[in-house]
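Geometric and topological summary
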Amino acid sequence: MSADPRPRVLVTIPLFAEVLARIGAHAEVDAPCGTGLAIDWTPEALAARARGAAGLVVAGTPRIDAALLAACPGLRAVCSMAVGYNNIDLPACTAAGVLVSNAPDVLTETTADFGFALMMAAARRISESEHFLRAGRWTHWSYDLFAGADVYGATLGVLGMGRIGQAIARRGALGFAMPVLYHNRSRLDAAVEQQLGAQWVGKDELLARADHLVIVVPYSAASHHLVGAAELALMKPTATLTNIARGGVVDDAALAAALRERRIAAAGLDVFEGEPAVHPDLLAVPNVVLTPHIASASLPTRRAMADLAATNLIAVLAGSGVPPTALNPEVLARRR
Ligand code: GLV
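Residues numbered from 1 in each chain as written. Predicted model: local features only at pLDDT ≥ 70, side-chain atom pairs only at ≥ 80, totals over all residues. Heavy atoms only, no water.

Considerations on the side chain of E231
Counted only if it meets this: Secondary structure elements are taken from DSSP: a helix is a run of H or I of four residues or more, a strand is a run of E of two residues or more, and numbering for both begins at the N terminus. Relative accessibility decides the category of a residue: with a 1.4 Å probe and only protein chains considered, values under 20% of the type maximum give buried, values over 50% give exposed, and everything between is partly exposed. Any N or O atom pair separated by 3.5 Å or less is treated as a polar contact, with the protein-specific requirement of one donor-capable and one acceptor-capable atom, and with residues adjacent in sequence counted only for side-chain atom pairs. Should any heavy atoms of two residues lie within 4.5 Å, those residues are counted as being in contact.
Looking at where E231 falls in the secondary structure, it is placed in helix α10 (residues 229-232). Classification of E231 by relative accessible area gives buried; the value is 18%. Within polar-contact distance, the side chain of E231 engages the backbone nitrogen of G228 at 2.8 Å. If sequence neighbours within four positions are ignored, E231 has contacts with K203, L207 and L226.

Structure (C-alpha cells):
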C-alpha cells in the first residue's frame, strides 16, 4: 500500500523522463516501462496493475475496454499520446465517467512528411535498391536499374481526408504539382477543396485513377479491410499504395498477393494487422517498404505528443483547467 496520498497514475508505455517528472509533480507515478522498453500487456496484467489508479497514460496500445474499466472503479482519465484511439472503447469510458483524450494536431506535419516519404520510397524503389547495393550486387549500369514511377505531376489519391490527409494533399499539390483526388465519408468545404486543389471522387474511382494512393483513415469496424482484394483489383498495375493509418484498414494478405503478382507496382507500409508481427507474405515480397509504425516519430513531435497527454491528465487530476484535447468532455460536466 502506498503512503503517497496523491492520485496514482499508471503510465503503461515508455515515456520521456521529463514528462514522467511533470506528471510526478501532481500524482504518484507508476511507470513500469520507465523510459525503456514497452510491455506487451495482457488484459489481466494491465487490470491488476491499473487497479486503484486514477489515471492511465497510453498510446495506440494497450486495449482499454469495459472489462478493464470494471476492474478500475477509481479511474478518472485515460490519456493517450496517439491520435488514433481505436484501442480505447470511448462509449464505455464515457458511460463509466472516465475522461479520454488523444493527441491530435501536434503530429500532423511530421506524420504527413513520413507518409510522403514512404510513398516516394515505394515509387522510386529506395529500400529495394538499397538492399541490392548492400548485398554487393551492384556491378553494372543499366537504363532500367530500379526504374520506378514518377511522383512529380502524377495523380495523388488520398483515402481519408482529415488533418493528416490534408497535409499530404498540400505536399502533393504545392510541392509536386500533383492533381489530388480524395475520398472521405464527408466532403471538405468547397473553399478547402479549392485551396488544396483536391477533388472528391467515389472510392472506386479513387482506386482506379490514383497513381499513388495514400491511406489515412481512422480504424473502426467500418474501415476494417477497406482495401482488400476487390479494391486492389481496381488499381493500376503501375500504382503504389501507402498505409500510414492503422493495421486492419488494408487486408495485408491480399496486398502481399497483389504485390507478388505485380498487380500493383509497390507499397509503403508503416502499420500492420497484428503488429508488431508482420504478415510473412509481406516480408517475402521485395516491392514493399516496411517501417515499424514510426510515422509520428520525430523527437520533437513525440515529445509534444507526450506533453499533450500529460497536460490532459494533469488538467483532470489536479483540476488545472480544461483538458485541451478531450474526446468526451461531457464527462467532466457531469462530474461538476
Ligand atoms: C499513431 O499511429 C497515432 O495514432 O498517433
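Structure's up, so let's keep going.
Here we look at the pairing of strand β4 (residues 77-80)
Heads up, the rule is: Pairing between two strands is assigned when DSSP locates at least 2 bridges connecting them. Crossovers are described as right-handed under a simple rule: with the strands pointing away from the observer, the path leading from the first strand over the helix to the second runs clockwise.
Side-chain alternation along β4 places A77 and C79 on one buried face and V78 and S80 on a second face that is also buried. Pairing of strand β3 (residues 55-58) with β4 involves four bridges; the strand directions are parallel. Bridging from a neighbouring strand, G55 pairs with A77 of β4. The parallel pair β3 and β4 is bridged by helix α3 (residues 66-71), and the resulting crossover is right-handed. As paired strands, β4 and strand β5 (residues 99-101) are joined by three bridges and run parallel to one another. Following the sheet pairing, A77 is matched in β5 by L99. Taken together, β4, helix α4 (residues 90-95) and β5 constitute a β-α-β crossover, and its handedness is right-handed.

Section: a nonpolar patch on the surface
Condition: Patch construction takes residues with relative accessible area above 30% that form no salt bridge. Like charges are linked within 9 Å, and nonpolar side chains (Val, Leu, Ile, Met, Phe, Trp, Tyr) are linked within 5 Å. The protein chains shown are the only cover counted for residues, whose accessible areas, like all others here, come from Shrake-Rupley with a 1.4 Å probe. Whenever a carboxyl oxygen of Asp or Glu lies within 4 Å of a side-chain nitrogen of Lys or Arg, that contact is scored as a salt bridge.
A cluster of nonpolar residues, L133, W138 and L145, forms a patch on the protein surface that exposes about 310 Å² of accessible area. Relative to the elements of secondary structure, L133 occurs in helix α6 (residues 126-134). According to the relative accessible area criterion, L133 is partly exposed, its value standing at 46%.

Concerning the environment of A17
As for its placement among the helices and strands, A17 is situated in helix α1 (residues 17-24). Through-space distance from the C-alpha of A17 to that of T35 is 6.3 Å; in sequence the pair is 18 residues apart.

Thoughts on the pattern of salt bridges
The final tally for this structure, using the stated rule, is 15 salt bridges. The residue K236 makes a salt bridge to D211 at a minimum N-O spacing of 2.8 Å. Of this pair, K236 sits in the loop between α10 and β10 (240-243) while D211 sits in the loop between α9 (203-209) and β9 (212-215), and the two are 25 residues apart along the sequence. For K236, a relative accessible area of 27% puts it in the partly exposed group. Taken together, the shared-partner salt bridges connect E109, D113, R170 and R171 into one network.

Comments concerning helix α11 (residues 252-260)
For α11, a buried count of seven out of nine residues is recorded, marking the element as mostly surrounded by other parts of the structure. Those residues of α11 that sit buried are D252, A254, L255, A256, A257, A258 and L259. Next to the buried residues of α11 lie α10, β10, β11 (266-269), α12 (280-283) and β12 (288-290). For α11, the side-chain oxygen to backbone nitrogen distance between the N-cap and A253 is 3.2 Å, and the N-cap itself is D251.

Side note on the environment of A177
Secondary-structure assignment places A177 in the loop between α7 (163-176) and β7 (180-183). As for A177 and L156, which are separated by 21 residues in sequence, their C-alpha atoms are 9.7 Å apart. In this view, A177 contacts Y152, G153 and G172; residues no more than four positions away in its chain are not counted.

Describing the confidence of the model for the chain
Defined as follows: Summary of the metric used: pLDDT quantifies the predictor's per-residue confidence within the range 0 to 100.
Residues of the chain with pLDDT of at least 70 account for 99%, and the chain-wide mean is 96. Between the elements of the chain, mean pLDDT differs from a low of 86, seen in helix α14 (residues 330-335), to a high of 99, seen in β10.

Looking at unusual backbone geometry
P62 follows T61 through a cis peptide bond whose omega is -5°. Secondary-structure assignment places P62 in the loop between β3 and α3. Between E275 and P276 the backbone carries a cis peptide bond, its omega angle lying at 15°. For P276, the location among the structural elements is in the loop between β11 and α12. Notably, A177 is not glycine yet its phi reads approximately 50°, a positive angle. Phi is positive for R262, which is not a glycine, with a value near 55°. In this structure, R262 sits in the loop between α11 and β11.

Quick notes on the domain arrangement of the chain
Stated formally: How far each domain reaches was decided by an automatic or database domain assignment. Each of two parts loses accessible area, computed with a 1.4 Å probe, when they are put together; buried area is these two losses added.
The domain boundaries assigned to the chain delineate domain 1 (8-104 + 299-335) and domain 2 (108-290). One C-alpha centre belongs to domain 1, the other to domain 2; they are set 32 Å apart. Note on domain 1 versus domain 2: buried area summed over both sides is about 450 Å², and carbon and sulfur give 48% of it. Per-residue buried area on domain 1 facing domain 2 is highest for N86, P104 and T301; these three make up 74% of the total on that side.

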